[in-house]
Structure formats: C-alpha cells, structure tokens
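Architecture and fold: a report
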Amino acid sequence: MAPLPRRFLCFVLAHHFITATACHEAEYGRQIRERCLRPFRLSMEGIGQRLWCDWDETMGTYGELTNCTAAVAENLTCYWPNRLVDEFFVAVHSHYFRNCSPSGRALHDPPNGVLCPFILVPVLVTLLMTALVVWRSKRSEGIV
C-alpha cells in the first residue's frame, strides 16, 4: 500500500512542476514589449530626459512597468520574476538610467553658503596655527 501514495505524490508534484513552468517565453517577451514597454517609453518621453534620474518623477512610471510585467506573467502562467524579466529590466536600466547615480538623486554641489565655511575655516585655522608656531619660535627666551 505504501508505493501507491508515493507514486501519487510524485505524479502530483511532477504535474504541478510542468504546469507551473509552462511559460511561452517568446509570447511573454513580445507582450511585455508591447503592453509594458510602449506605455513606459511614452511616459518617459513625457517626463523628459533631463528628469529621468529624478526618482520622484519616475517612480510612478517605473512602478507601473513593474506591475505590468507581473500581470503579463500571471496571465501567461509564468513565474515572476524570471530570466526574461531580468533581461528586460537590465535593458530598460541601460537605456534610461545609465547616467544616474546609485542613490537615484542627481549629484550637484552644495550651495555656496554651506560650501564656503567648509573651505575657509580649515584654511584659516591652518594659517593661524602656522603664524602661532612661527611667533612662538621667535620668542625663545625664557624657555630652558
């Protein structure tokens, strides 16, 4: 009696594995390009290339792209994420976000009101300390 439940379990697991991996990759790739990438492109063109690195501007569009790829995968009974999704997002990032900093924020110099004290204070302290050492070395009387 023991071999029957084992065979049944193997059959159920094999059927589940075959059903779960029955993803038509070519169709999936075509649909994410048509249904997801096309609206993403239009939205990114509307934002303008100058703001592509501004996460506040692109977050909604990028979230819609992610959700779209997941919905297409669910409709086609594909795993998500999968190899095609990884390749798709690498291509998206290499085209739209290749010049962005890792933090997602555009790097720029701080305002002069912040930058100047950080430059001037160490320079003035260095000059003051140098002058103090020279002045003390000239006043050598009284030092034994």
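Residues numbered from 1 in each chain as written. Predicted model: local features only at pLDDT ≥ 70, side-chain atom pairs only at ≥ 80, totals over all residues. Heavy atoms only, no water.

So, the overall build of the protein
Along the protein, the regular secondary structure elements total five helices and zero strands. Secondary structure elements in the protein, listed N-terminal to C-terminal, are α-α-α-α-α. Here the protein holds 144 residues, and the buried ones make up 21% of them. Within the protein, contacts between residues separated by at least 24 positions form 72% of all contacts whose residues are at least 6 apart in sequence. When the accessible surface of the protein is summed, it comes to about 11500 Å², and 65% of that surface belongs to carbon and sulfur atoms. (Helix = DSSP H or I, 4+ residues; strand = E, 2+ residues; numbered from the N terminus. Buried < 20%, exposed > 50% of the residue type's maximum accessible area, 1.4 Å probe, protein only. Contact = heavy atoms within 4.5 Å. Areas by Shrake-Rupley, 256 points an atom, 1.4 Å probe, with all protein chains shown as cover.)

Observations concerning a nonpolar patch on the surface
Together, Ile119, Leu120, Val123, Leu124 and Leu127 line one region of the surface with nonpolar side chains, adding up to about 490 Å² of accessible area. Mapping leucine 124 onto the fold places it in helix H5 (residues 112-138). The exposed category is assigned to leucine 124, whose relative accessible area is 54%. (Patch = residues over 30% accessible without salt bridge, like charges linked within 9 Å, V, L, I, M, F, W, Y side chains within 5 Å. Salt bridge = Lys/Arg side-chain N within 4 Å of Asp/Glu carboxyl O.)

Describing the UniProt feature "transmembrane region" (unreviewed entry) in the protein
Those places that UniProt annotates as "transmembrane region" (unreviewed entry) correspond, in this numbering, to residues 117-135. For residues 117-135, the helix share is 100%, the strand share is 0%, and the end-to-end C-alpha distance is 26 Å. (UniProt positions renumbered as here; feature names shortened; annotations may be inferred.)

Describing the nonpolar core
With 22 residues, the main nonpolar core has Tyr28, Phe40 and Val92 as its most contacted residues. When residues of this core are traced back to their parent elements, those giving at least two are helix H2 (25-47), helix H3 (55-75) and helix H4 (83-96). Here this core gets seven residues from one element, more than from any other, and that element is H2. Apart from the residues lying within four places of it in its own chain, the contact partners of valine 92 are Leu37, Phe40, Leu65 and Phe97. (Core = buried A, V, L, I, M, F, W, Y, C linked by side-chain atoms within 4.5 Å.)

Observations regarding the packing of aromatic side chains
Applying the stated criterion across every chain, the model contains seven aromatic pairs. Centre to centre, the rings of tryptophan 52 and tyrosine 96 are 4.8 Å apart; their planes meet at 65°, and the pair counts as edge-to-face. Of this pair, tryptophan 52 sits in the loop between H2 and H3 while tyrosine 96 sits in helix H4, and the two are 44 residues apart along the sequence. What makes tyrosine 96 buried here is its relative accessible area of 8%. Aromatic rings pair up to connect Phe40, Trp52, Trp55, Tyr62, Phe88, Phe89, Tyr96 and Phe97 into one cluster. (Phe/Tyr/Trp six-rings, centres within 6.5 Å; stacked < 30°, edge-to-face > 60°.)

Some points on H4
Spanning 14 residues, H4 covers 20 Å between terminal C-alpha atoms, matching the ideal 20 Å at 1.5 Å per step. Residues of H4 that are buried: Leu84, Val85, Phe88, Phe89, Val92 and Tyr96. Relative to the axis of H4, the buried residues are bounded by an arc of 125° and lie together on one face. Where H4 begins, the capping side chain belongs to asparagine 82, and its oxygen is found 3.0 Å from the backbone nitrogen of leucine 84. (Expected span 1.5 Å × (residues − 1). Arc of directions from axis to C-beta. Polar contact = N/O pair within 3.5 Å; in protein donor to acceptor, adjacent residues only side chain to side chain.)

Quick look at the pattern of salt bridges
Here the structure, examined in full by the defined rule, presents four salt bridges. Where glutamate 25 meets arginine 83, a salt bridge forms, and the shortest distance between an N and an O atom there is 2.7 Å. Taken together, the residues span a long stretch of sequence, with glutamate 25 in helix H2 and arginine 83 in helix H4 at a distance of 58 residues. Residue classification places glutamate 25 among the partly exposed residues on the basis of a relative accessible area of 41%. Between glutamate 87 and arginine 83 there is a salt bridge; the shortest N-O distance is 3.1 Å. In this pair, glutamate 87 and arginine 83 are both assigned in helix H4, four residues apart and thus about one turn of the helix distant. With a relative accessible area of 45%, arginine 83 lands in the partly exposed category. What emerges from the salt-bridge pattern is a single network uniting Glu25, Arg83 and Glu87.

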